[in-house]
Amino acid sequence: DAKTTQPPSMDCAEGRAANLPCNHSTISGNEYVYWYRQIHSQGPQYIIHGLKNNETNEMASLIITEDRKSSTLILPHATLRDTAVYYCIAGRGNTGKLIFGQGTTLQVKP
Amino acid sequence: EAGVAQSPRYKIIEKRQSVAFWCNPISGHATLYWYQQILGQGPKLLIQFQNNGVVDDSQLPKDRFSAERLKGVDSTLKIQPAKLEDSAVYLCASSPLGGPWGEQYFGPGTRLTVT
């Protein structure tokens, strides 16, 4: 599975868009990008995933660059409840194993 | 739909004692995972079951950790004997067959403190 690199922390003002970057420069053609978040004292929560195309759901949007070497998770209107650690994971899924890195701690401030 | 249930939520034991954690996955989910999350780190997969068979236990310290899923539903994870470095949150997750491989549903976890 491809290694991912994320900034350790980010701040965002409440009501503004939060843009969380992830670098996965060694990703191969059949590896997906998954995003999870973990709110304090809770288990991780699935957010979104994608392969090549941009994806959007009720929680977030995922923008994957054309060369697939990086992606951005967008929370369009961040709230205080979005304060969490966000994990970007890249993998092929042949084993179903999720390999979590350190993630990005997003602090949404009023 | 009920989520993944885990118990207990917290456990404090002394080193060399044994401990067991229980997980009830989402109804109908064939695949069950146990993860270990040490403070400040991301979760690490310990073992993965599909129905009652083990798919991956390559990172399970088998000299002290064991897990079972006898009827393909509930699962227990046991540590015997515990070491100080086993202090962590133990997370259970489940996923349905045929769903996106990485879309897993996590329980709240059991926080273990070994003193």
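Each remark here, short or long, concerns the structure printed above.
Since the model is a prediction, treat every value here as computed from it, not as a measurement. (Residues numbered from 1 in each chain as written. Chains lettered and ligands numbered in written order. Predicted model: local features only at pLDDT ≥ 70, side-chain atom pairs only at ≥ 80, totals over all residues. Heavy atoms only, no water.)

**Some points on the state of the cysteines**
Think of a disulfide as a covalent bridge from one cysteine sulfur atom to another cysteine sulfur atom. Scanning the entire structure with this criterion turns up two disulfides over all chains. Paired through a disulfide, C22 of chain A and C88 of chain A show a sulfur-sulfur distance of 2.1 Å. Residues C22 of chain A and C88 of chain A are joined by a disulfide whose S-S torsion is about -80°; by sign, that bridge is left-handed. Taken together, the residues C22 of chain A in strand β2 (residues 18–23) and C88 of chain A in strand β8 (residues 84–91) connect sequence positions 66 residues apart. Each of the two residues, C22 of chain A as well as C88 of chain A, counts as buried. Between the sulfur of C23 of chain B and that of C92 of chain B lies a disulfide, 1.9 Å long from S to S. Sign of the S-S torsion, about -70° for the bond between C23 of chain B and C92 of chain B, identifies this disulfide as left-handed. Here the residue C23 of chain B occupies a position in strand β3 (residues 19–24), and C92 of chain B occupies one in strand β9 (residues 88–95), the gap between them amounting to 69 residues. Given the relative accessible area of 0%, C92 of chain B is considered buried. Of all cysteine sulfurs, the one in C22 of chain A lies closest to C12 of chain A, which takes part in no disulfide; the gap is 18 Å. The class of C12 of chain A is buried, set by a relative accessible area of 9%. (Disulfide = S-S within 2.5 Å. Helix = DSSP H or I, 4+ residues; strand = E, 2+ residues; numbered from the N terminus. Buried < 20%, exposed > 50% of the residue type's maximum accessible area, 1.4 Å probe, protein only.)

**Describing unusual backbone geometry**
All names here are of chain B. Residue P8 follows S7 across a cis peptide bond; omega there is -10°. Mapped onto the fold, P8 is located in the loop between β1 (5–7) and β2 (10–13). The linkage connecting Q80 with the following residue, P81, adopts the cis geometry, with an omega of -5°. Note on placement: P81 falls in the loop between β8 (75–79) and β9.

**Section: the sheet that holds strand β3 (residues 32–38) of chain A**
All names here are of chain A. Here we have five strands laid out as an open sheet, ordered β1-β9-β8-β3-β4, and mixed in their pairing. Whereas interior strands pair on both sides, the edge strands pair on one side only; in this sheet they are β1 (9–13) and β4 (45–50). Strand after strand, the sheet turns through a mean of 25° between neighbouring axes, direction not considered. Where β3 lies against β8, seven bridges are found, and the strand directions are antiparallel. Its bridge partner being in β8, Y32 is matched across the sheet by G91. (Pairing = 2+ DSSP bridges. Axes fitted to C-alpha atoms, helices over the stretch in contact; angles between N-to-C directions.)

Taken by themselves, the reported measurements are silent on function.
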